[in-house]
Amino acid sequence: YPTYELTLPLVKVRNTKLKKLNENDLLLTGIDRLELLLMNGNTIYATMRLRPMKNMHGAEIIHLAEDTIEQSDSKKYKILKISFGTVQSKALEIGSTIDIIHIDLEKVTLVSEGKMIAEGSLVNVDEEIAIQIKKVN
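To keep things clear, this report deals only with the structure shown in the data block. Model, not experiment: these values are computed from the prediction.

A few words now on a positive patch on the surface. A cluster of basic residues, Arg 14, Lys 17, Lys 20 and Lys 76, forms a positive patch at the surface. Residue placement: Arg 14 occurs in strand E2 (residues 11-14).

Here it is, written out as structure tokens:
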């Protein structure tokens, strides 16, 4: 089966903020609901949402698209990918569900320009999804 990366929607962050990341910092994402993306490299293939299934959680595909991420040439901002890890899916169709039982939805990896820059966990700050930094690379 093809392998995809399960991520939060991409976030644009000031370059200076990324350079100053430290352990226990909180990084606000501007995201107020948990929506997920299926990506492979710089291409987004599907948008997903969590769905409870019998004795486990799954992610249901709600939108299909092949959008290539344009890396901006901005000196002020970087595109940040917040990754949960990889999943496999036989077919990408609206309504299909992917088993994510092996994914820890609290642990994330922060990736910028293809490089892992930090690891952290999801936290709720004033009804907004944020990342608490656990380790900076």
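Evaluated as defined, the whole model comprises 1 aromatic pair. Seen in terms of ring centroids, Tyr 4 and Tyr 45 are 5.7 Å apart; in terms of plane orientation they differ by 65°. Their pairing is edge-to-face. Of this pair, Tyr 4 sits in strand E1 (residues 3-7) while Tyr 45 sits in strand E5 (residues 43-53), and the two are 41 residues apart along the sequence. Assessed through its relative accessible area of 11%, Tyr 4 is described here as buried.

Positive phi outside glycine occurs at Glu 113, with the angle close to 55°. A positive phi is found at Glu 127, a non-glycine position, where the angle reads about 65°.

A few words now on the side chain of Glu 5. With respect to the helices and strands, the residue Glu 5 is situated in strand E1. One polar contact links Glu 5 to Lys 81, side chain to side chain, over a distance of 3.0 Å.

What counts as what
- Residues numbered from 1 in each chain as written.
- Predicted model: local features only at pLDDT ≥ 70, side-chain atom pairs only at ≥ 80, totals over all residues.
- Heavy atoms only, no water.
- Patch = residues over 30% accessible without salt bridge, like charges linked within 9 Å, V, L, I, M, F, W, Y side chains within 5 Å.
- Areas by Shrake-Rupley, 256 points an atom, 1.4 Å probe, with all protein chains shown as cover.
- Salt bridge = Lys/Arg side-chain N within 4 Å of Asp/Glu carboxyl O.
- Lys, Arg positive; Asp, Glu negative; His and termini not counted.
- Charge placed at Lys NZ, Arg CZ, Asp CG, Glu CD.
- Helix = DSSP H or I, 4+ residues; strand = E, 2+ residues; numbered from the N terminus.
- Phe/Tyr/Trp six-rings, centres within 6.5 Å; stacked < 30°, edge-to-face > 60°.
- Buried < 20%, exposed > 50% of the residue type's maximum accessible area, 1.4 Å probe, protein only.
- Polar contact = N/O pair within 3.5 Å; in protein donor to acceptor, adjacent residues only side chain to side chain.

Treat this as a map of the structure, not an account of what it does.
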